Amino acid sequence: MKYVVYEVISFKERSTHFNKRYISLDFCIDKTYWFQKNFKVNLLAFFNSINDARRFLHKRFFLTSFLKTNTSILSKSFSFLPEDKFKLLNKKAKQIFKILHSRSLLLNEVEKCLQKNSFKITLPDLLSCLQLLYLHGKLNVVPGVCFGSFFITAKCNRCFSGIGGITRLKCSKCDDFCAFCKNCAVLGQSSSCTPFFLFSNNVKAKEEDVFLKFKYLKENDKIAFLNNDNYSKILKSTNVNLTKLQQRVSDEIFDFIFSSKSQCLVWAVTGAGKTEIMIPLICFYLSLNLNILWTTPRRDVVLELAPRLKEFFPYVDLKVLCGGSKDLWLYGKLVISTAIQTLRFHNFFHLIIVDEVDAFPLDGNKSLELGIKRAGRNGIKYVFLTATPKESWKERINKGFFTTIILPSRYHGLNLPIPSVFVDFFLYKKLENFSPIKTVVNFLDNLKKTDGQALIFVPRVLDIEKVVNYLKAFLDSTSVDGVYSQDKRRNEKVLAFRQGKLTILITTTILERGVTVPRCHVLVFGAQHYIFDKASLIQIAGRVGRNLSYTKGVVWFLATQKTEAQVKAIKEIEFLNFLAQKKS
């Protein structure tokens, strides 16, 4: 693929002080476009890499006469397009923009998106249409990975990764050494010779006016906004019923929406009903025809959340974006996605709800944080949801960086289960020798007596098979299974556990969030491991006691030694229970 750099010169004024340079994916388009506007184009150079073209574009020097002579000869090989062909491409470009607006995509992703939306076009015509959109100011085109004179300045324009996430290899496309981003390779290869397109939005002026008025509303106007018929109709259709405490939190979130602040943290314990609390806010934005994103770091949470939101909003255009989803490349007024999928949006959403904001891989990941920020429009509101804010977040809370709302009790009003700690110095030796582990035996007896199901968390993938084999020696082998992140039958096993077909599921921390079963017990096997930090142990404990009809579930930490993380987790759970009683 060739990239042309050229300059535009007015027929009336030939002075180079008035010249402007452009990059072209199809120079015939540019030549015809500028001729119709009474401008002349002067081809300057060809490149196989868009990053080389970009670097040349921003250099402010005059070309040698040798280069001018060669490019002037080459320029004659590009002819003007026939008028009917040019009009047809303009028409197609408008259709493409309707499909691709507010997206940030590599060229191959552009093709996939058009294909998903049943828009057929050849690659040469696609490049022509994209160039027309570039000339009309509907998109910006940059290299997937850009760098200047020194490779250390390399940066991925898709995921914002710096030199640490970028490598340089021989490229078959441009026949040169290219910079490749390793950080976002799971979405497709971003490189310095690949164009990355940032499409502008097509939000109507009326919607934009309504959106920007939020922070300037007076109290009476706020009431009028919330009393509009469309909002009441949508809210009623969800059949959501909030407790008094949940309603109070929902009201506080609306106060934030009508304030000048842009970020709000909702610290709600596991099982508090965070989804239900957000329903009125989503209804409000839907009533104004604004775009909403609910994003979370983990795919399991997306798959758990999607059917619940579909129950509340059966008639809303809702799309689920995660690996393997059939909705990839489609738009919706309400989008549920993994955090990494936000890298494919640009300036689109008016409200972004970030669930499990403290979870891996989002916590501390600047690439995903900036990707979420780029997906939002100017003046956007962010609502962050967490049950276990990190110390860094608590410091920001104390400094008043954003609005903070705390919900310390579960929807049914019962306390969070307090974990019990059991220490066995010879735990792993007994596991290897298939010797009885007293705590495990007692746990299984209690599970049988209470007719429950159990999640057993282990710190490492290699521990799963060992624990599965150990339990199968004492139990019916069909009632026990194990799962981990790369397990090909992961979805199948988790679904079987939810449906009650499995009694015990051994897992790593991938299921510490987002999985809810009514009769759940939890055992953390090897709770001394560093992977089980305070936040992880609180989330794991939160799997138990979420259903009012089943209150017999227990949380046990089985370890070779007691750790600071275990003690801190128990103290925070006790503090939240105390706070809940105080607020009630």
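In what follows, the accompanying structure is described. (Residues numbered from 1 in each chain as written. Predicted model: local features only at pLDDT ≥ 70, side-chain atom pairs only at ≥ 80, totals over all residues. Heavy atoms only, no water.)

## What about the overall build of the chain?
Helix and strand counts for the chain come out as 20 helices and 23 strands. Viewed in the frame of its principal axes, the chain has a C-alpha envelope of about 90 × 65 × 45 Å. Long-range contacts, defined as pairs at least 24 residues apart, comprise 75% of the intrachain contacts of the chain with a sequence gap of at least 6. In the form shown here, the chain has an accessible surface area of approximately 27,400 Å², with 54% of it arising from carbon and sulfur atoms. (Helix = DSSP H or I, 4+ residues; strand = E, 2+ residues; numbered from the N terminus. Contact = heavy atoms within 4.5 Å. Areas by Shrake-Rupley, 256 points an atom, 1.4 Å probe, with all protein chains shown as cover.)

## Topic: the sheet that holds strand β23 (residues 555-559)
The strand order β18-β23-β22-β19-β21-β20 describes an open sheet built from 6 strands, whose pairing is parallel. Two strands bound the open sheet, and with one partner strand each, they are β18 (420-423) and β20 (480-483). In this sheet, neighbouring strand axes are inclined to one another by 20° on average, regardless of whether the strands run parallel or antiparallel. Pairing analysis gives 5 bridges linking strand β19 (residues 453-457) to strand β22 (residues 520-525), with the strands arranged parallel. The partner of Ala-454 across the bridge, within β22, is His-521. Along the sheet face, helix α16 (residues 438-449) touches β18, β19, β21 (504-507), β22 and β23 and points at about 170° away from the line of β22. Each of β19, β20, β21 and β22 is contacted by helix α17 (residues 461-472), which is oriented at about 175° to β20, the strand it contacts most. (Pairing = 2+ DSSP bridges. Axes fitted to C-alpha atoms, helices over the stretch in contact; angles between N-to-C directions.)

## Re the pattern of salt bridges
Here the structure, examined in full by the defined rule, presents 25 salt bridges. With a shortest N-O distance of 1.8 Å, Asp-300 and Arg-490 are connected by a salt bridge. One end of the pair, Asp-300, is in helix α12 (residues 299-312); the other, Arg-490, is in helix α18 (residues 490-498), and 190 residues separate them in sequence. Arg-490 shares its class with Asp-300; the two are buried. The partner of Asp-463 in a salt bridge is Arg-460, with the nearest N and O atoms 3.0 Å apart. Accessibility expressed as a relative area gives 2% for Asp-463, which makes it buried. According to the relative accessible area criterion, Arg-460 is partly exposed, its value standing at 35%. Taken together, the salt bridges that share partners define one network made up of Arg-298, Glu-356, Asp-358, Glu-512 and Arg-513. (Salt bridge = Lys/Arg side-chain N within 4 Å of Asp/Glu carboxyl O. Buried < 20%, exposed > 50% of the residue type's maximum accessible area, 1.4 Å probe, protein only.)

## A look at the sheet that holds strand β15 (residues 349-354)
The 7 strands lie next to each other as β13-β14-β12-β15-β16-β11-β17, forming an open sheet whose pairing is parallel. This sheet does not close on itself; its edge strands, each paired only once, are β13 (318-321) and β17 (403-407). Each strand axis lies, on average, 15° off the axis of its neighbour in the sheet, ignoring direction. Lying on the sheet, helix α14 (residues 391-398) is in contact with β11 (263-268), β16 (376-386) and β17; it crosses β11 at an angle near 120°.

## Focus: the state of the cysteines
Evaluated as defined, the whole model comprises 0 disulfides. For the unlinked cysteine Cys-129, the closest cysteine sulfur is that of Cys-28, found at 14 Å. (Disulfide = S-S within 2.5 Å.)

## Observations regarding the pairing of β22
Of all 6 residues in β22, 6 are buried, a share of seventy percent or more. Burial of the side chains of β22 extends over both faces: Cys-520, Val-522 and Val-524 are buried on one face and His-521, Leu-523 and Phe-525 on the other. As paired elements, β22 and β23 share 4 bridges and run parallel to each other. Each bridged residue has a counterpart across the sheet, and for Val-524 the counterpart in β23 is Phe-557.

## A few points about the nonpolar core
In terms of nonpolar packing, the biggest core is built from 76 residues, with Met-278, Leu-281, Ile-282, Phe-313, Val-383, Leu-511 and Val-522 touching the most fellow members. Element by element, the count of residues in this core is highest for helix α11 (residues 274-287), at 9 residues. Not counting the four nearest positions on each side in its chain, Leu-511 is found in contact with Asp-300, Leu-455, Phe-457, Val-483, Val-494, Leu-505 and Arg-543. Counting 72 residues, the second-largest nonpolar core is a separate cluster that includes Phe-27, Trp-34, Ile-96 and Phe-348. (Core = buried A, V, L, I, M, F, W, Y, C linked by side-chain atoms within 4.5 Å.)

## Focus on the pairing of β15
For β15, a buried count of 6 out of 6 residues is recorded, marking the element as mostly surrounded by other parts of the structure. Pairing of strand β12 (residues 292-296) with β15 involves 4 bridges; the strand directions are parallel. Across the sheet, Ile-292 pairs through a bridge with Leu-351, a residue of β15. With 5 bridges connecting them, β15 and β16 associate as parallel partners.

## Side note on the packing of aromatic side chains
Enumeration according to the criterion identifies 25 aromatic pairs in this entry. Ring centres of Phe-284 and Tyr-285 lie 6.0 Å apart, and the angle between their planes is 85°; on these two criteria the pair is classed as edge-to-face. For Phe-284, a relative accessible area of 0% corresponds to the buried category. Looking at Tyr-285, the relative accessible area reads 0%, which means it is buried. For the ring pair Phe-434 and Tyr-470, a centre distance of 6.0 Å and an interplane angle of 25° mean the geometry is stacked. Here the residue Phe-434 occupies a position in the loop between α15 (427-433) and α16, and Tyr-470 occupies one in helix α17, the gap between them amounting to 36 residues. Members of the aromatic cluster, joined through ring pairs, are Tyr-6, Tyr-22, Phe-27, Tyr-33, Trp-34, Phe-39 and Tyr-134. Over the aromatic face of Phe-256 sits the side chain of Lys-381, whose NZ or CZ is 5.0 Å from the ring centroid. (Phe/Tyr/Trp six-rings, centres within 6.5 Å; stacked < 30°, edge-to-face > 60°. Lys NZ or Arg CZ within 6 Å of the ring centre and 35° of its normal.)

## Quick look at helix α1 (residues 27-36)
With 8 of 10 residues buried, α1 lies mostly within the body of the structure. At the C-terminal side of α1, Asn-38 shows a positive phi close to 60°.

## Topic: the environment of Ala-565
Counting through the fold element by element, Ala-565 comes out in helix α20 (residues 564-583). Considered as a pair, Ala-565 and Asn-469 are 96 residues apart in the sequence and their alpha carbons are 29 Å apart. Excluding anything up to four places from it in sequence, Ala-565 contacts Phe-532, Asp-533, Lys-534 and Leu-537.

## Comments concerning a nonpolar patch on the surface
Residues Phe-150, Ile-152 and Ile-163 make up a contiguous nonpolar surface patch of roughly 340 Å² in combined accessible area. In this structure, Ile-163 sits in the loop between β7 (155-156) and β8 (166-171). (Patch = residues over 30% accessible without salt bridge, like charges linked within 9 Å, V, L, I, M, F, W, Y side chains within 5 Å.)

## Comments concerning unusual backbone geometry
With a phi angle near 60°, Ser-118 is a residue other than glycine that sits in the positive phi range. Assignment of secondary structure puts Ser-118 in the loop between α5 (107-116) and α6 (123-135). Classification of Ser-118 by relative accessible area gives exposed; the value is 65%. One non-glycine residue with positive phi stands out, namely Asn-347, at about 60°. Note on placement: Asn-347 falls in the loop between β14 (334-338) and β15.

Limitation: the analysis is restricted to geometry and does not speak to function.
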